Amino acid sequence: MLDQKSLSALNKALKKLDQGFGHLPPLEHGVAGMDRLAEVLGTTAERLKDNYPYFHPLYAGQMLKPPHPVARLAYTLAMWINPNNHALDGGRATSVMEKEAVTEIASMFGWKNFLGHLCGGGTMANLEALWVAGQLHPGKTILASEQAHYTHGRISGVLQVPFESVPTDKLGRMNLGALASRLERGDVGTVVASMGTTATGSVDPLREILALQSKFGFRIHVDAAYGGYFVLTENLAEEAKQAFARIGEADSIVIDPHKHGLQPYGCGCVLFRDPGVGRLYKHDSPYTYFSSAELHLGEISLECSRPGAAAAALWATQKLLPLVKGGEFARGLECGRTAAMALFEKLRADSRFLTAFAPELDILVFATRGASMSQVSALSRRIFKAAAQRDLHLAVAELPVHFWEENLRGMNRDRETLTCLRSVLMKPEHLDWVEQIWALLSASTAEILGGGTSHAANPV
Ligand SMILES: *Cc1c(COP(=O)(O)O)cnc(C)c1O
């Protein structure tokens, strides 16, 4: 199941890396107690067996995607050196690789002269973006939708910046009417647009938010930790496509290479359109320092020590799979989205199921029909377990009842939220597995609901 072939490429590359240090006086290398090391490693493998098979297409639950083999190998290769990208002294080659890789990410959004760097993940990246936003608009409120990642509210608490949530519409996007009336009341410094919410992959209407910006004047931060790479895809529906087409007009963007960018965990990225915000990181440095080619990563990052290996892995991945429209990487994302649409159509056509809205990216949410919200919620949990018994791994999510509004005919709304099933189809291979996923889901549902697995079309 687990790829071992690629390890031979690592051996070769390691020999090459070794040659770079061949001029040094020799160093004894026998690892003392190899037997004991092997034994401990074996025990470690034993312990690691206790995991869901995140790498397998039948794992179709949370946002978990295996790193590309080249990322895994480049990361491991760099571990023999263990560079630290906090400063050039600690990570000479990998600092340059980070700048190159981040420049490629920024160019997906049309940015050339920008400020940006890698960091531990989306939380850290959003922390930096909101920290900058708070300094540029001191005391003013940060707004994000009720479906925005919970991290925004929590980070605002850490930063002691006022934060408010804006209701969402029935598609899980920021409600524009609610946003406009909150803006009318004044004192808003920043609006966070989620481009790809974590729960449902809903894309906030950036075009309309930009129109409100020209009237009210606020900063726009785009949290595209999950969805950012979809800017390269060509099979989005019209509204999401329009939102992604304007993403370069935001003031800051967060994107997580460790979500959709095929990287091991520990790789987030924050980008600022105006390189001048670098002055906020280091008060005594002039603006020009930060837009010069010689920028020092430690001077423009809140974190200090960071893995240079993460930069090596990202750089290698982007060399192999360039971030371009129509390329292999973009096609992989398109496959996941096509898979999500295909599964959505099957659910919609089956009278046992309840769907909310068509997926905007590659995440879909669904439940079964039932007498009441509480009954359906209980059924979701039982189907989740029945599917796991069949090695199909889904996720459960708690979503507002109004997302399902149009499909709740005759059902008792005895709860404000519905526990539903959620499936993130983020691996390109998911497209080839839709039929099998559907067969296992259908059988699990039949087991819980009773009755056969063949059902008439939804009476919609
Ligand atoms: C995952 C996610 C985050 C948090 O990122 P981490 O990398 O898990 O720290 C923030 N915002 C959105 C939209 C996300 O999907």
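From a predicted model like this one, the values you see are computed outputs, not experimental measurements.

Thoughts on the overall build of the chain
Piece 1. Across its full length, the chain holds 16 helices and 11 strands.
Piece 2. For 460 residues, the compact-globule estimate of 2.2 N^0.38 gives 23 Å, and the C-alpha radius of gyration of the chain, at 24 Å, lies within 12% of that figure.
Piece 3. With respect to the three principal axes, the spread of C-alpha positions in the chain is 80 × 60 × 40 Å.
Piece 4. Put simply, the chain has 460 residues, and 50% of those count as buried.
Piece 5. Across the chain, the fraction of contacts at a sequence separation of at least 24, relative to all contacts at a separation of at least 6, is 74%.

Section: the site of the ligand
Piece 1. Residues in contact with the ligand amount to 13 residues; listed here are only the nearest, Gly 122, Thr 123, Asp 223, Asp 256 and Lys 259.
Piece 2. Here the ligand, which alone exposes 380 Å², has 86% of that area covered by the protein.
Piece 3. Secondary-structure elements contributing two or more residues to the shell around the ligand are helix H5 (122-136) and helix H10 (257-260).

Examining the environment of Leu 364
Piece 1. Inspection of the secondary structure puts Leu 364 in strand S9 (residues 363-368).
Piece 2. For Leu 364 and Val 192, which are 172 residues apart along the polypeptide, the C-alpha to C-alpha distance reads 23 Å.
Piece 3. Not counting residues within four places of it along the chain, the set of residues in contact with Leu 364 comprises Ala 340, Leu 343, Phe 344, Leu 347, Pro 359, Leu 421, Arg 422, Ser 423 and Leu 425.

Some words on the packing of helix H4 (residues 92-108) against helix H13 (residues 308-320)
Helix-helix packing is described using two parameters, namely the angle between the two axes and the distance between the axes.
Piece 1. Direction vectors running N to C along H4 and H13 enclose 50°, while the axes themselves pass 8 Å from each other. As far as their axial angle goes, H13 and H4 are oblique. Once H4 is placed against H13, the crossing between them reads as left-handed. In contact with Thr 94, Met 97, Glu 98, Glu 100, Ala 101, Glu 104 and Ile 105 of H4, H13 contributes Gly 308, Ala 311, Ala 312, Leu 314, Trp 315, Gln 318 and Lys 319.
Piece 2. Split by residue class, the contact of H4 with H13 holds 7 nonpolar, 3 polar and 4 charged.

What to know about the packing of helix H14 (residues 328-348) against helix H16 (residues 434-449)
Piece 1. Where H14 contacts H16, the two axes come as close as 10 Å, and the packing angle between them is 35°. Crossing handedness for the pair H14 and H16: right-handed. Along its contact with H14, which presents Ala 339, Ala 342, Leu 343, Lys 346 and Leu 347, the element H16 presents Val 434, Glu 435, Ile 437, Trp 438 and Leu 441.
Piece 2. Tallied by class, the residues present in the contact of H14 with H16 amount to 8 nonpolar, no polar and 2 charged.

Quick look at the pattern of salt bridges
Piece 1. As enumerated under the stated definition, the model contains 21 salt bridges in all.
Piece 2. The closest approach of N and O atoms between Arg 273 and Asp 251, which form a salt bridge, is 3.2 Å. With a gap of 22 residues between them, Arg 273 in the loop between strand S7 (268-272) and helix H11 (278-281) and Asp 251 in the loop between helix H9 (238-245) and strand S6 (252-255) connect regions that are remote in the sequence.
Piece 3. Assessed through its relative accessible area of 15%, Asp 251 is described here as buried.
Piece 4. With its nearest N and O atoms 3.1 Å apart, the salt bridge here joins Arg 348 to Glu 345. Placement of both Arg 348 and Glu 345 in helix H14 is noted, with a separation of 3 residues, approximately one turn of the helix.
Piece 5. Accessibility expressed as a relative area gives 35% for Glu 345, which makes it partly exposed.
Piece 6. When salt bridges that share partners are traced, they join Arg 173, Glu 239 and Glu 360 into one network.

Details of the packing of aromatic side chains
Piece 1. Considering all chains together, one arrives at 8 aromatic pairs under this definition.
Piece 2. Ring geometry for Phe 353 against Trp 438: centres 5.8 Å apart, planes inclined by 50°, an arrangement best described as tilted. A residue pair is termed long-range when its members are at least 10 positions apart, and Phe 353 in strand S8 (residues 353-355) and Trp 438 in helix H16 qualify at 85 residues. Taken individually, Phe 353 and Trp 438 each receive the classification buried, so the pair is uniform in this respect.
Piece 3. Taken together through their ring pairs, the aromatic side chains of Tyr 52, Tyr 54 and Tyr 59 make up a single cluster.

Focus on the domain arrangement of the chain
Piece 1. Assigned domains of the chain: these are domain 1 (78-283 + 291-320) and domain 2 (328-449).
Piece 2. Each of domain 1 and domain 2 has a C-alpha centre, and the two are 29 Å apart.
Piece 3. Opposite the 31 residues of domain 1 that make contact, domain 2 presents 20 residues.
Piece 4. Overall, the association of domain 1 and domain 2 removes approximately 2200 Å² of surface from exposure, summing both partners, and the carbon and sulfur fraction of that is 62%.

Focus on H16
Piece 1. Given a rise of 1.5 Å per residue, 16 residues ought to cover 22 Å, and the 22 Å separating the end C-alpha atoms of H16 matches this to within 8%.
Piece 2. Residues Val 434, Ile 437, Trp 438, Leu 441, Ser 442, Ser 444, Thr 445, Ala 446 and Ile 448 constitute the buried set of H16.
Piece 3. In this structure, the buried residues of H16 make contact with H14, S8, S9 and helix H15 (373-389).
Piece 4. Where H16 ends, the next residue or the one after it, Gly 450, has phi of about 80°, a positive value.

Some thoughts on the environment of Ala 240
Piece 1. For Ala 240, the position within the fold is in helix H9.
Piece 2. Remark: the alpha-carbon pair of Ala 240 and Gln 318, spanning 78 residues in sequence, is separated by 25 Å.
Piece 3. Residues contacting Ala 240, with those up to four places away along its chain left out, are Val 203 and Glu 360.

Here we look at the side chain of Thr 190
Piece 1. Here Thr 190 is to be found in strand S4 (residues 188-194).
Piece 2. Apart from the residues within four sequence positions on either side, Thr 190 is in contact with Ala 133, His 137, Thr 141, Ile 142, Leu 143, Phe 218, Arg 219 and His 221.

Quick look at the sheet that holds S8
Piece 1. A sheet is described by the order of its strands in space; here 4 strands give the open sequence S8-S9-S11-S10, paired in antiparallel fashion. Strands with a single pairing partner mark the edges of an open sheet, and in this sheet they are S8 and strand S10 (395-400). Adjacent strand axes in the sheet meet at a mean angle of 45°, parallel and antiparallel pairs treated alike.
Piece 2. Pairing between S10 and strand S11 (residues 417-424): 6 bridges, direction antiparallel. Paired with Ala 395 across the bridge in S11 is Arg 422.
Piece 3. Sitting on the sheet, H14 touches S8 and S9, and the angle it makes with S9 is about 15°.

The rules behind these values
Residues numbered from 1 in each chain as written. Predicted model: local features only at pLDDT ≥ 70, side-chain atom pairs only at ≥ 80, totals over all residues. Heavy atoms only, no water. Helix = DSSP H or I, 4+ residues; strand = E, 2+ residues; numbered from the N terminus. Rg over C-alpha atoms; globule rule 2.2 N^0.38 Å. Buried < 20%, exposed > 50% of the residue type's maximum accessible area, 1.4 Å probe, protein only. Contact = heavy atoms within 4.5 Å. Near = heavy atom within 4 Å. Areas by Shrake-Rupley, 256 points an atom, 1.4 Å probe, with all protein chains shown as cover. Axes fitted to C-alpha atoms, helices over the stretch in contact; angles between N-to-C directions. Parallel < 35°, antiparallel > 145°, perpendicular 65-115°, else oblique. Left-handed = near helix turned anticlockwise from the far one by under 90°. Nonpolar A, V, L, I, M, F, W, Y, C, P; charged D, E, K, R; others polar. Salt bridge = Lys/Arg side-chain N within 4 Å of Asp/Glu carboxyl O. Phe/Tyr/Trp six-rings, centres within 6.5 Å; stacked < 30°, edge-to-face > 60°. Domains from an automatic or database assignment. Buried area = accessible area lost by both parts, 1.4 Å probe. Expected span 1.5 Å × (residues − 1). Pairing = 2+ DSSP bridges.

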